[in-house]
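# Structural features, examined
The residues making up each chain are set out below.
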Amino acid sequence: MRKNIVAGNWKMNKTLDEGLALAKDVNELLKGTDLKCDVILGTPFIHLASVAKVVDPSKIAISAQNCADKEAGAYTGEVSAAMVKSTGASYVILGHSERRAYYHETPEILKTKVQLALKNGLKVIFCVGEVLEEREQGVYFDVVKAQIESSLFELTADEFAHIVLAYEPVWAIGTGKTATPAQAQEMHAFIRKTVADKYGAEVADNTTILYGGSANPGNAKELFANPDVDGGLIGGASLKPNDFKAVIDAFN
Ligand code: PEP
């Protein structure tokens, strides 16, 4: 059975002290709770090792938000998948629309990053999603399918088992404009079918597909109630411990 997951994406927010305080607050809020989903904190690189030491690993996993497309060596400023893994992180977010748009990460680069992440024992939260123009032109299924095929479909079925997909319509990220539950379900079902066509029904059924884009305590329950929405990738609301906890509670 696939897992339900609520993953926070802190993006480029919080100093080290602030990030540690946030992680401790989330950890405290989850103490004694009977979680109905896995919880992941996606922190900046510099927080990973410290955050890993202050949270209960039976309740909270740690994720990076990126890793290098090279193994090691003379790549000033880069952080490899092996380095991420060595901090105690078990996930890495790859293919976020902000990295595709602002840092020109192509499907080819992302394919390499995914392979290196898996090779180094990380699970990947792989983001896909269309921009507003693509939705308005009615090509959003094609766009999302191409993103999945071009970066992931050279993986074996065993490798694909370590992929979590996140559907994040770019027009909904940080805009306060959420996809409707029906729009999310429609795309998630399409993504699952795309995976099933390639890897078979069992692999598709076991694949966790998260929704991301202005998810918050007010809309999470309705979004997560859909049969193909297995949780959320949460940006803004993950920076406020009580809001993040309320999104997690949407599974209760
Ligand atoms: C994100 O960037 O992954 C995200 C979903 O952001 P927000 O929740 O702020 O829209």
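Further up the page is the structure itself.
In short, a report on the structure. No experiment lies behind these values; they were computed from the predicted model shown.

Okay, the site of the ligand next. Around the ligand, the structure places 14 residues, and the nearest of them are Lys-11, His-96, Glu-168, Gly-174 and Ser-214. A distance of 2.8 Å separates an oxygen atom of the ligand from a polar atom in the backbone of Gly-236. Protein contact buries 96% of the 290 Å² of open area that the ligand shows by itself. Looking at the shell around the ligand residue by residue, the classes come out as four nonpolar, eight polar and two charged.

Among the secondary structure elements, Ser-90 is positioned in the loop between helix H3 (81–86) and strand S4 (91–94). Once you skip the residues sitting within four places of it in the chain, Ser-90 turns out to touch Ala-61, Ile-62, Gly-121, Leu-122 and Lys-123.

All right, on to the sheet that holds strand S1 (residues 5–9) then. The strands that make up a sheet pair up through hydrogen bonds in the backbone, lying either parallel or antiparallel. Read around the barrel, eight strands follow the order S1-S2-S3-S4-S5-S6-S7-S8 and close on themselves; strand pairing throughout is parallel. For this sheet, the mean inter-axis angle between neighbouring strands, taken without regard to orientation, is 25 degrees. Pairing between S1 and strand S2 (residues 38–42): five bridges, direction parallel. In the strand pairing of S2, Ile-5 is matched with Asp-38. Helix-sheet contacts for helix H9 (residues 181–199) involve strand S5 (123–128), strand S6 (163–167) and strand S7 (209–212), and the interaxial angle to S7 is about 145 degrees. Seen against the sheet, helix H12 (residues 241–249) touches S1, S2 and strand S8 (231–234) and runs at an angle of roughly 160 degrees to S1.

Once that is clear, we can look at a nonpolar patch on the surface. On the surface, Leu-16, Phe-45 and Ile-46 cluster together into a nonpolar patch covering about 250 Å² of accessible area. With respect to the helices, strands and loops of the structure, Leu-16 is situated in helix H1 (residues 16–30). Note on Leu-16: relative accessible area 32%, which makes it partly exposed.

The subject of this paragraph is the packing of helix H5 (residues 107–119) against helix H7 (residues 140–152). The interhelical angle for the contact between H5 and H7, taken along N-to-C directions, is 50 degrees, at an axis separation of 8 Å. As summarised for this structure, H5 and H7 are arranged oblique, according to the angle between their axes. Crossing of H5 against H7: the hand is right-handed. In this structure, H5 contributes Pro-107, Leu-110, Lys-111 and Val-114 to the contact, and H7 contributes Ser-150, Ser-151 and Leu-152. Residues of the contact of H5 with H7, tallied by class, amount to four nonpolar, two polar and one charged.

This part covers the nonpolar core. Among the nonpolar cores identified, the biggest contains 64 residues, and Phe-126, Leu-152 and Ile-163 are the most heavily contacted of them. Excluding residues that lie within four positions of it along the chain, Phe-126 makes contacts with Leu-94, Gly-95, Arg-100, Leu-110, Val-114, Gln-147, Ser-151, Leu-152, Ile-163, Val-164, Leu-165 and Ala-166. Counting residues in hydrophobic clusters, the runner-up holds eleven residues, among them Ala-7, Tyr-91, Cys-127 and Leu-233.

For H5, spanning 13 residues, the distance from its first C-alpha to its last is 18 Å, which sits close to the expected 18 Å at 1.5 Å a residue. Among the residues making up H5, those that are buried are Leu-110, Lys-111, Lys-113, Val-114, Leu-116, Ala-117 and Leu-118. Directly after H5, the chain includes Gly-121, whose backbone phi takes a positive value near 80 degrees.

This part takes up the pattern of salt bridges. Think of it this way: side chains of opposite charge can pair up when their charged atoms draw near. Summed over the entire model, instances satisfying the criterion amount to 17 salt bridges. For Asp-69, the salt bridge identified is with Lys-70, shortest N-O distance 3.5 Å. Residues Glu-71 and Lys-119 are paired through a salt bridge, measuring 2.4 Å at the closest nitrogen-oxygen approach. Taken together, the residues Glu-71 in the loop between strand S3 (60–64) and H3 and Lys-119 in helix H5 connect sequence positions 48 residues apart.

Procedures and definitions
- Residues numbered from 1 in each chain as written.
- Predicted model: local features only at pLDDT ≥ 70, side-chain atom pairs only at ≥ 80, totals over all residues.
- Heavy atoms only, no water.
- Near = heavy atom within 4 Å.
- Polar contact = N/O pair within 3.5 Å; in protein donor to acceptor, adjacent residues only side chain to side chain.
- Areas by Shrake-Rupley, 256 points an atom, 1.4 Å probe, with all protein chains shown as cover.
- Nonpolar A, V, L, I, M, F, W, Y, C, P; charged D, E, K, R; others polar.
- Helix = DSSP H or I, 4+ residues; strand = E, 2+ residues; numbered from the N terminus.
- Contact = heavy atoms within 4.5 Å.
- Pairing = 2+ DSSP bridges.
- Axes fitted to C-alpha atoms, helices over the stretch in contact; angles between N-to-C directions.
- Patch = residues over 30% accessible without salt bridge, like charges linked within 9 Å, V, L, I, M, F, W, Y side chains within 5 Å.
- Salt bridge = Lys/Arg side-chain N within 4 Å of Asp/Glu carboxyl O.
- Buried < 20%, exposed > 50% of the residue type's maximum accessible area, 1.4 Å probe, protein only.
- Parallel < 35°, antiparallel > 145°, perpendicular 65-115°, else oblique.
- Left-handed = near helix turned anticlockwise from the far one by under 90°.
- Core = buried A, V, L, I, M, F, W, Y, C linked by side-chain atoms within 4.5 Å.
- Expected span 1.5 Å × (residues − 1).

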